[in-house]
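What follows is each chain in one-letter form.
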Amino acid sequence: MKLATKYIHAGTEPDPSTGAIMTPIYQTSTYVQEAPGVNKGYEYARSQNPTRKALEEAYAQIENGKFGLAFSSGVAATDAVIKLLEPGDEVIAANDMYGGTYRLFTKIFEKFGISFRYVDTTNTDNIATVISAKTKLVWIETPTNPLMNITDIKAVAAITKQAGALLCVDNTFASPYLQNPLDLGADIVMHSATKYLGGHSDVIQGCLVMNDATLREKLYFIQKSCGAVPGPMDCFLVLRGIKTLHIRMQRHCENGEKMANFLRNHPKVEKVYWCGFTDHPGYAVASQQMRGFGGMMSFTLKDDSVENARRVLSSTHVFALAESLGGVESLINHPASMTHASIPREERIKNGLSDSLIRLSVGIEDIDDLIADINAAIG
Ligand SMILES: *Cc1c(COP(=O)(O)O)cnc(C)c1O
C-alpha cells in the first residue's frame, strides 16, 4: 500500500457497535465483566483501551513494524526502553541528541547502575570500537536535534547484531514519512508523537514500534506496570494527526528546502545546518536512508554574539518562540537556553552546539511569509 493510503487508514476500522468511521474516544477507566475473568479482552484502562489499541496498530503500520506501543510522552517511551536493562548494563548513545534523553540517562538511570557512553555516531567506527559484551543497547538519533547530524542506521544495525545488542532509533525528526529504521535493521523505533505524528501542537505523546514478539511482551509489561500510558483523547488526536502526515510532510520538505537555501544565501548568516545540502557531511547517507530532508534546520549568524541571536529570536512575528517542533505552525527556538539547557555548557560546546545557534521548525504556512519573517528578524 502507498504511504498516503496507509496513513489515512492505519489502525482505524469502523466502530463495531455503531459503524462510526472514526475510532471513538473510549473515555473509561474500567470494563464490566460477565463473570470474574470473563471479559472482551479489556479489564482496566491502564492495561487496555480501544482508542489506544487502534493507535498502537497505526503506529506499527506506519513504521512497517509488527507491534506498536503508546506512551504518555516521548521520554516515557525512552524510559520504557531503558527499563529493559539491568544494573551493570551499558548503553552506547549518540553525543548529540535531544536534551531530555540525555537528562533521563544521566540524572535518572545512572543512579540505578546503568552506564552510558556517549560517542560521535556519525562515524560508526566509534561504536564498533567501544561496543562490548556489557553493551545491551545502542541509542541513536538521526537526524539529530538540533545539529542535523546523520548516522548510518544500516551500518549501526550490522554492528549491534554482531554484538548481540539492541538498536533503538529516535525517529522523531524524520517521521515515518521520511525514514523507517526497522527496514534498515533497527530493533526498536521511538517517536515523540508530540511532534510530526500529532502534528498540531495539541498533544504530548510517545511511541515504540518493534517486530520481535518477545521484545513487545517485555515492553508491554513495562508499559502497564509503570503506567505511563496516554489517555484516550490524546490517542484520538494522534490517530487524526497521522491521517495528514504525508500532506504535511510534503509541505514541510518543500518549505524546508526553500528556507534552508534562503538562509544559506543571506549575507548575515554564517552557517546553516540542514541535511539536504549536497555538501552536508551526512548527505550521502541521508539520501540513502531518507525519502526527503524535512523542515528542521539550525543556523548561526556572522555576528555570533548571544545578544544578536536573542535579538533575532525575539523579533519574529509568524515564527513563534517556543520549544517543540513538527507542528503545522512555524517555531523558532534557542537550544542553548531552551530545549538543550539540561546539557552542561561545556558538553554542548564540545559537541558543536554554540550559544548563538538558532533552530527552526519550518511549518506549513506560505513560504513567502515565513522567509519575509526571518529576513526581517535577521535585519
Ligand atoms: C521532543 C523530543 C523527545 C521527547 O519527547 P516528549 O514527547 O517531549 O516527551 C525525544 N526526542 C526528540 C528528538 C524530541 O524532539
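The rules we used
Residues numbered from 1 in each chain as written. Predicted model: local features only at pLDDT ≥ 70, side-chain atom pairs only at ≥ 80, totals over all residues. Heavy atoms only, no water. UniProt positions renumbered as here; feature names shortened; annotations may be inferred. Helix = DSSP H or I, 4+ residues; strand = E, 2+ residues; numbered from the N terminus. Contact = heavy atoms within 4.5 Å. Polar contact = N/O pair within 3.5 Å; in protein donor to acceptor, adjacent residues only side chain to side chain. Near = heavy atom within 4 Å. Areas by Shrake-Rupley, 256 points an atom, 1.4 Å probe, with all protein chains shown as cover. Buried < 20%, exposed > 50% of the residue type's maximum accessible area, 1.4 Å probe, protein only.

Under an unreviewed UniProt entry, the chain has the name Cystathionine gamma-lyase and belongs to Sediminibacterium goheungense. Of the chain, the UniProt comment under Cofactor (unreviewed entry) reads exactly: "pyridoxal 5'-phosphate". According to the UniProt record, the Sequence similarities (unreviewed entry) comment for the chain reads "Belongs to the trans-sulfuration enzymes family."

(A) Spatial organisation of the environment of Lys-243. Turning to its location among the elements, Lys-243 is positioned in the loop between helix 9 (232-242) and helix 10 (245-264). Note: C-alpha distance between Lys-243 and Leu-167 (76 residues apart in sequence) is 28 Å. Among all residues touching Lys-243, those that are not within four sequence positions of it are Tyr-7, Ile-8, Thr-12 and Met-22. Here Thr-12 takes part through its side chain, which lies 3.2 Å from a polar atom of the side chain of Lys-243.

(B) Expanded view of the site of the ligand. In the vicinity of the ligand lie 14 residues, with Val-75, Asp-170, Ser-192, Thr-194 and Lys-195 positioned nearest. Backbone polar atom of Val-75 to an oxygen atom of the ligand: 2.9 Å apart, as the coordinates give it. Take Ser-192: an N or O atom from its side chain is 2.8 Å from an oxygen atom of the ligand. Relative to its free-state accessible area of 380 Å², the ligand is covered by the protein chains to the extent of 94%. Secondary-structure elements contributing two or more residues to the shell around the ligand are helix 3 (74-82) and strand 6 (188-192).

(C) Highlighting the environment of Asp-304. By the secondary structure assignment, Asp-304 is in the loop between strand 9 (296-301) and helix 12 (306-313). When the C-alpha atoms of Asp-304 and Ile-332 are compared, they prove to be 17 Å apart, with 28 residues separating the residues in sequence. Among the polar contacts made by the side chain of Asp-304, one reaches the side chain of Ser-356 at a distance of 2.3 Å.

(D) Expanded view of the side chain of Glu-90. Among the structural elements, Glu-90 can be located in strand 2 (residues 90-94). On the basis of relative accessibility, which here comes to 6%, the residue Glu-90 falls in the buried class. Residue contacts for Glu-90: discarding those within four places in its chain leaves Ser-115, Arg-117, Val-130, Ser-132, Lys-134, Thr-135, Lys-136 and Leu-137.

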